[in-house]
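Structure at a glance
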Amino acid sequence: MKAFVVFAVLFVAVYAADDTCYKKFDGICSGTTAKSPLPVDLSTCTASYGHIDVVLRHLIGFANSHIVRSMEYLLMSTYYGNYQKNRAGFEKLFRDLSDAKWDHAIELIKHVTTRGGSMKFTPPDFLNTEEPNVYEGYEIQSIAKALDKEKQLALEAFKVHNEASRRTDGKHDPEISSYIEEEFVHHQAKNIRKLAGYVTDLKSMLSGPDGSLSLFLFDEYLKGQ
Amino acid sequence: MKAIVASTLLLCTFVLATGDLQCSHTEPLYLTNPRWDDMVDPCVNVMRKQIKTELNAAMQYLAMGAHFSKDVVNRPGFAKMFFESASEERQHAIKLISYLLMRGELVSDVSSLIDTRALFEKINWTKWESGLSALKNALTLEALVTKDIKNVIEVCEGHTNKKRQNQEEVNDYHLVDYLTGEFLEEQYKGQRDLAGKVSTLSKFMTDHGDLGEFLFDKKLLKGDL
């Protein structure tokens, strides 16, 4: 009985509100066989709800960042694949990163549309502020560069999460925060830790007498990862 | 180059305040006579351009996938197909890169291989009237890519060089064979597939527009077509 009352109250509340999707079709489809014109404004019949608009802007930016990073890692991978560098392990490391960013970009685009958004392909702002990237570097430099890029992406994920968690402003979107947590932040942390570890290893090995041999062996190690 | 040296020095001093870090190891350059890395500049340049073309196509397909994923469009089958095409185009770019690496190219000037900002600016279409119009668009896009590949073949066969005087005639047999046998083969098969889809869907559209597209979409989603 209680449940029924709650349900009835809810139903009345939804029914009474003017801005429901149902309302748009109410009266139009009321038992007459004659055709009626379609409602003009169907904005309440989209997939968006809550305060998704602001969050979407950040999510779209996040997707665009992934596209850019994917291309940058592809360039880094390419450089290590040439015969002079000849570092198949580094080539693989950056290629894997490039592939992962690309796949994530597609997943993010899909998620933007899941939440009723529309993807906009615009170059990320950091392209204006970052110094033009040079991908022909030395091994430790490239790892350092990748570490920086991964951290920047992780912080961007935090930003999206932050926008989705502003409960006090009434802007709360647990679906987005959970999505960011599950699909991004954990493996970002692992990636960052891995790259930081590589910097530590290379730093110590390169200061010894066996720099070139160390790089060779380290590259072999990366190949097996 | 100066920038690289400067940043290397900077990095080395930062990373290791104590002791010396040896980032670089002399890379001996051995030139054979005749050269083993025997690709000629016009051919390399047109290949580099083709890599950009393939990536531009990938971005265009991303935009198509994004459009058909929207709640107000709701054509997941089309979206799936276009996202897959996007990743395929990216793979083509990577295949071309791998080929150049195999032939001893891309040892320098790697950074300019991809212009990330331009990738965003070169997305020509972001909205489609119908699934059919997007399929037609995709077919046009493929035809353009095919035309560009044929141009690469012509340049690398030495055709364009012949026209200029005092230019050595160089026929890059292996690359031409690779492009003709593998790339063009894939292009023609892909185009035939798209053209077939355009025909089938067109036939529906005359009498059963929305229903036809709905059914076609579900078939695409299941991989029945």
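Our structure's up above, just so we're on the same page.
Residues numbered from 1 in each chain as written. Chains lettered and ligands numbered in written order. Predicted model: local features only at pLDDT ≥ 70, side-chain atom pairs only at ≥ 80, totals over all residues. Heavy atoms only, no water.

Side note on the state of the cysteines
Going by this rule: We call a pair of cysteine sulfur atoms a disulfide when they lie within 2.5 Å. Labels follow the DSSP assignment, with helices taken as runs of H or I lasting at least four residues and strands as runs of E lasting at least two, numbered in each case from the N terminus. Accessible area is worked out with a 1.4 Å probe on protein chains only. A residue is then buried under 20% of its type maximum, exposed over 50%, and partly exposed in between.
A full pass over the atoms with the stated rule returns 2 disulfides over all chains. Each sulfur in the disulfide pair A:Cys21 and A:Cys45 lies 2.0 Å from the other. As the torsion about the S-S bond is roughly 105°, the A:Cys21-A:Cys45 disulfide counts as right-handed. Taken together, the residues span a long stretch of sequence, with A:Cys21 in helix 2 (residues 21-25) and A:Cys45 in the loop between helix 2 and helix 3 (52-81) at a distance of 24 residues. Looking at A:Cys21, the relative accessible area reads 29%, which means it is partly exposed. Each disulfide pairs two cysteine sulfurs, and for B:Cys43 the partner residue is B:Cys156, the sulfurs being separated by 2.1 Å. What sets the handedness of the B:Cys43 and B:Cys156 disulfide is the S-S torsion sign, and at about 100° it is right-handed. Remark: B:Cys156 occurs in helix 5 (residues 131-156) and B:Cys43 occurs in helix 2 (residues 41-69); sequence separation between them is 113 residues. Taken as a pair, B:Cys43 and B:Cys156 share a single burial class, namely buried.

Section: the packing of aromatic side chains
What counts here: Put simply, two rings from Phe, Tyr or Trp (the six-membered ring, in Trp's case) pair if the centres are within 6.5 Å, and we call them stacked under 30 degrees between planes, edge-to-face over 60, tilted for the rest. For a ring to carry a charge above it, either NZ of a lysine or CZ of an arginine must fall within 6 Å of the ring centroid while also lying within 35 degrees of the normal to the ring plane.
All told, the structure shown has 20 aromatic pairs over all chains when counted by the stated rule. With a centroid separation of 6.1 Å and 20° between ring planes, the pair formed by B:Tyr61 and B:Phe82 is classed as stacked. Remark: B:Phe82 occurs in helix 3 (residues 76-102) and B:Tyr61 occurs in helix 2; sequence separation between them is 21 residues. Pair check on accessibility: B:Tyr61 and B:Phe82 agree, each one buried. With 5.0 Å between their ring centres and 15° between their planes, B:Tyr99 and B:Tyr178 make a pair best called stacked. Residue B:Tyr99 is found in helix 3, and its partner B:Tyr178 is found in helix 7 (residues 173-222); the two are separated by 79 residues along the sequence. Note on accessibility: B:Tyr99 and B:Tyr178 belong to one class, buried. Grouping aromatic residues by their ring pairs yields a cluster made of A:Tyr73, A:Tyr79, A:Tyr80, A:Phe90, A:Phe94, A:Tyr198, A:Phe218 and A:Tyr221. Its guanidinium or amino end placed over the ring of A:Phe126, A:Arg69 lies 4.0 Å from that ring's centre, counting from NZ or CZ.

Some words on the interface of chain A and chain B
Just so we agree on the cut-off: Pairs of residues are marked as contacts when any of their non-hydrogen atoms sit within 4.5 Å. By convention in these notes, a salt bridge is any Lys or Arg side-chain nitrogen within 4 Å of a carboxyl oxygen on Asp or Glu. Polar contact is defined as a pair of N or O atoms within 3.5 Å, subject to the rule that within protein one atom must be able to donate a hydrogen and the other to accept it, and that residues adjacent in sequence are counted only when both atoms are side-chain atoms.
Each partner contributes residues to the interface: chain A has 52 residues there, and chain B has 49 residues. If you look at where chain A meets chain B, you find 1 salt bridge. A salt bridge links A:Asp99 to B:Arg90; the nearest nitrogen and oxygen atoms lie 2.7 Å apart. Where chain A meets chain B, there are 10 residue pairs in polar contact (both at pLDDT 80 or more).

A word on the packing of helix 2 of chain B against helix 7 of chain B
Residues and elements named next belong to chain B. Let me state the cut-off plainly: The axes used here are C-alpha line fits, helices contributing only the stretch in contact, and every angle between their N-to-C directions lies in the interval 0 to 180 degrees. Throughout this description, any angle smaller than 35 degrees is read as roughly parallel, any larger than 145 degrees as roughly antiparallel, any in the 65 to 115 degree range as roughly perpendicular, and the remainder as oblique. Should the near helix be turned counterclockwise from the far one by less than a right angle, the crossing is left-handed, whereas a clockwise turn marks it as right-handed. Any residue outside Ala, Val, Leu, Ile, Met, Phe, Trp, Tyr, Cys, Pro, Asp, Glu, Lys and Arg is labelled polar, Gly included; the first ten of those are nonpolar and the last four are charged.
Their axes nearest at 14 Å, the elements helix 2 and helix 7 cross at an angle of 20°. Relative to helix 7, the element helix 2 is oriented roughly parallel. Between helix 2 and helix 7 lies a crossing whose hand is left-handed. Contact residues: Cys43, Met47, Glu54 and Tyr61 in helix 2; Leu175, Leu179, Phe183 and Leu194 in helix 7. Classifying every residue of the contact of helix 2 with helix 7 by side-chain character gives 7 nonpolar, no polar and 1 charged.

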